[in-house]
Amino acid sequence: MTSTAADVVAHLRASFRTGRTKPVTWRNDQLEALRTLLTENAETFVKALHSDIGKSEAEAQRTEIGFLVREIDHTVEHLDDWLAPEDAPLPAALLPAQGRVVREPLGVVLVIGPWNYPLHLVIAPLIGALAAGNCAVLKPSELAPATSAAIARLVPQYLDTEAVAVVEGAIPETTALLEQRFDHIFYTGNGTVGRIVMTAAAKHLTPVALELGGKSPAIVEPGVDLALVAERIVRGKFLNAGQTCVAPDYVLAIGDTAKEIEPHLVTAVRALYGENPATSPEYGRVIATRHFDRLAALLGDGRTVIGGDSDRDSRYIAPTVLADVDPEAPVMRDEIFGPILPIVSVPDLDAAIEFITARDKPLALYAFTESEDTKQRLLSETSSGALGFGLPLAHLTASDLPFGGVGESGMGRYHGKYSIDTFSHLKAVLDKPLS
């Protein structure tokens with residue numbers, strides 16, 4: 001008999017009430033088991049990721065499996081310190097007394113994963129949920145069926161089935177889960193579904209973390225090494241065929257750099273993927289036909305510098321750079337989330353800042369500049385989930401930096417200690433003697 005969403009949640013909630021997930025030994029055991037799951041089944045996940053989204057083995061190891069193993073190791077190493085009660089100073093009027101902050105698990109949490117990094121973005125939140133002592137329901141993306149099936153099959157073999165459950169399916173199954181009461185919901189995806197998740201959570205006053213996206217700009221100032229900058233932008237943009245939430249969405253080129261960077265971008269694309277990226281084992285594919293059709297419709301929004309060709313049957317869109325792009329063109333309206341890189345020209349830094357602040361707050365803002373004044377102005381005059389100078393995507397790999405958005409690009413943060421705080425209640429404790 002198939003369990004309903006209500007049954008799954010009720011079972012985990014009853015389990016949580018027994019206290020089985022609270023001991024630090026249990027948490028460490030689960031993290032070590034999760035690490036073993038990943039390392040012993042790496043080949044299975046590599047094949048699943050290639051089947052779902054065309055990831056190469058190297059990319060799957062680097063951006064999914066390897067990332068998760070490092071995050072687990074970092075968490076296990078520091079968990080005791082992160083969980084230790086923190087002394088809090090008290091005002092003189094309350095003395096003698098002691099104050100401290102204690103982290104306690106929330107209960108039963110729901111993790112809804114996306115399709116673009118279908119292993120990484122399901123398991124990374126789970127690391128925090130387990131480390132904080134929670135039970136968890138995992139909902140992998142149905143658009144990555146091979147990875148979803150692997151997660152559903154392997155998780156019960158390695159993790160405590162009284163504390164972790166996997167629910168596969170599409171919209172009906174997700175809708176049924178969202179009707180249940182959770183103690184936290186962690187969703188990674190787009191803003192449209194994020195609003196649905198938040199609306200459902202509001203019925204139960206459930207806190208949420210929404211890891212969304214947005215149009216992350218890459219500002220390029222005059223005077224920088226354009227060959228180096230182009231190489232770094234191309235690597236960040238076309239990883240996973242551009243289907244990365246923190247990928248540079250467009251180049252915001254100041255002054256003459258718009259024209260000057262074009263040949264360097266061409267060279268960088270060819271160096272990374274060859275003359276024919278369709279045959280490169282390192283270049284992925286668009287996840288689904290409907291996403292391909294959306295992206296293909298954007299290919300004419302500017303002058304093609306490189307790329308522009310596509311094949312619907314294989315869901316292939318070449319790494320494409322577009323120049324002379326109108327800021328009001330369709331390619332500049334919504335997050336591209338694919339292998340198309342527009343170049344937009346602005347006259348100076350003032351115009352660049354105005355361009356960014358007039359739009360929704362991005363998940364990331366990147367800038368390639370030698371000017372400390374420019375860095376300080378971007379830090380103080382713009383708002384984004386993260387701010388990166390000189391290298392896109394890198395902040396995502398640093399476990400001691402919070403990862404998350406702001407405004408339309410999301411709310412909440414995780415990685416490292418920030419995951420513990422997201423999946424914990426920070427309880428204030430005051431102890432004053434009676435005598």
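Placed above this text is the structure.
Now for a quick tour of the structure. (Residues numbered from 1 in each chain as written. Predicted model: local features only at pLDDT ≥ 70, side-chain atom pairs only at ≥ 80, totals over all residues. Heavy atoms only, no water.)

Re the packing of aromatic side chains
Using the criterion set out here, one finds seven aromatic pairs in the structure. Arranged with centres 5.4 Å apart and planes meeting at 85 degrees, the rings of tryptophan 115 and phenylalanine 337 form a pair that is edge-to-face. On the criterion of sequence distance, the pair formed by tryptophan 115 in the loop between β3 (108-112) and α5 (120-131) and phenylalanine 337 in the loop between β13 (320-323) and β14 (340-346) is long-range, its members being 222 residues apart. With respect to class, tryptophan 115 is no different from phenylalanine 337; both count as buried. With a centroid separation of 4.7 Å and 75 degrees between ring planes, the pair formed by phenylalanine 186 and tyrosine 414 is classed as edge-to-face. Taken as a pair, phenylalanine 186 in strand β6 (residues 184-188) and tyrosine 414 in the loop between β17 (410-411) and α15 (417-422) lie far apart in primary sequence, 228 residues in all. Among the aromatic residues, those joined into a cluster by ring pairs are Phe186, Phe403, Tyr414 and Phe423. Of note, arginine 359 hangs over the ring of phenylalanine 355, and the distance from its end group to the ring centre comes to 3.6 Å. For the cation-ring pair, lysine 375 lies above phenylalanine 389, with the distance from its terminal atom to the ring centre recorded as 5.5 Å. (Phe/Tyr/Trp six-rings, centres within 6.5 Å; stacked < 30°, edge-to-face > 60°. Helix = DSSP H or I, 4+ residues; strand = E, 2+ residues; numbered from the N terminus. Buried < 20%, exposed > 50% of the residue type's maximum accessible area, 1.4 Å probe, protein only. Lys NZ or Arg CZ within 6 Å of the ring centre and 35° of its normal.)

Remarks on the sheet that holds strand β2 (residues 98-105)
Taken in spatial order, the three strands line up as β1-β2-β18 in an open sheet, and their pairing is antiparallel. Two strands lie at the open edges of the sheet, namely β1 (86-88) and β18 (424-431), each paired on one side alone. Across the sheet, the axes of successive neighbouring strands diverge by a mean angle of 30 degrees, strand direction being ignored. Summarising the sheet, β2 and β18 pair through eight bridges and their orientation is antiparallel. When the bridges of β18 are listed, valine 102 appears paired with lysine 427. (Pairing = 2+ DSSP bridges. Axes fitted to C-alpha atoms, helices over the stretch in contact; angles between N-to-C directions.)

A word on the side chain of serine 216
Within the element layout of this structure, serine 216 appears in the loop between β7 (208-211) and β8 (217-220). Once you skip the residues sitting within four places of it in the chain, serine 216 turns out to touch Cys245, Ala247, Pro248, Asp249, Tyr250, Pro362, Leu363 and Ala364. (Contact = heavy atoms within 4.5 Å.)

Examining the sheet that holds β17
Read from one edge to the other, the open sheet built from six strands follows the order β5-β4-β3-β6-β7-β17, with strand pairing classed as mixed. Looking at the sheet topology across the chains shown, the edges are occupied by β5 (164-166) and β17. With two bridges connecting them, β7 and β17 associate as antiparallel partners. Among the inter-strand pairings, glutamate 211 is bridged to a residue of β17, identified as glycine 410. Together, β3, β4 (135-139) and β6 form the strand contacts of helix α7 (residues 171-178), whose direction differs from that of β3 by roughly 155 degrees.

Some details on the environment of glycine 99
Relative to the helices and strands, glycine 99 resides in strand β2. Residue class for glycine 99 comes out buried when judged on its relative accessible area of 9%. Spatially, the C-alpha atoms of glycine 99 and valine 24 are 23 Å apart, while their sequence positions differ by 75 residues.

Brief notes about unusual backbone geometry
A cis amide bond links leucine 95 with the next residue in sequence, proline 96, at an omega value of 0 degrees. Note on placement: proline 96 falls in the loop between β1 and β2. A positive phi angle, near 60 degrees, is found at asparagine 240, a position not held by glycine. One can find asparagine 240 in the loop between α9 (226-238) and β9 (250-254).

Description of helix α13 (residues 349-357)
Among the residues making up α13, those that are buried are Leu349, Ala352, Ile353, Phe355 and Ile356. Taken down its axis, α13 places every buried residue within 160 degrees of arc, on the same side. Tucked inside the fold, the buried residues of α13 contact β8, β9, β14, β15 (364-368) and α14 (372-381). Between a side-chain oxygen at the N-terminus of α13 and the backbone nitrogen of aspartate 350 the separation is 3.3 Å; the capping residue is aspartate 348. (Arc of directions from axis to C-beta. Polar contact = N/O pair within 3.5 Å; in protein donor to acceptor, adjacent residues only side chain to side chain.)

Points about the packing of helix α3 (residues 42-53) against helix α6 (residues 145-158)
As a packed pair, α3 and α6 sit with axes 7 Å apart at the nearest point and diverge in direction by 150 degrees. When the axis of α3 is compared with that of α6, the two are roughly antiparallel. Residue-level contacts link Thr44, Phe45, Ala48, Leu49, Ser51 and Asp52 of α3 to Pro145, Ala146, Thr147, Ala150, Ile151, Arg153 and Leu154 of α6. Among the residues making up the contact of α3 with α6, the classes are represented as eight nonpolar, three polar and two charged. (Parallel < 35°, antiparallel > 145°, perpendicular 65-115°, else oblique. Nonpolar A, V, L, I, M, F, W, Y, C, P; charged D, E, K, R; others polar.)

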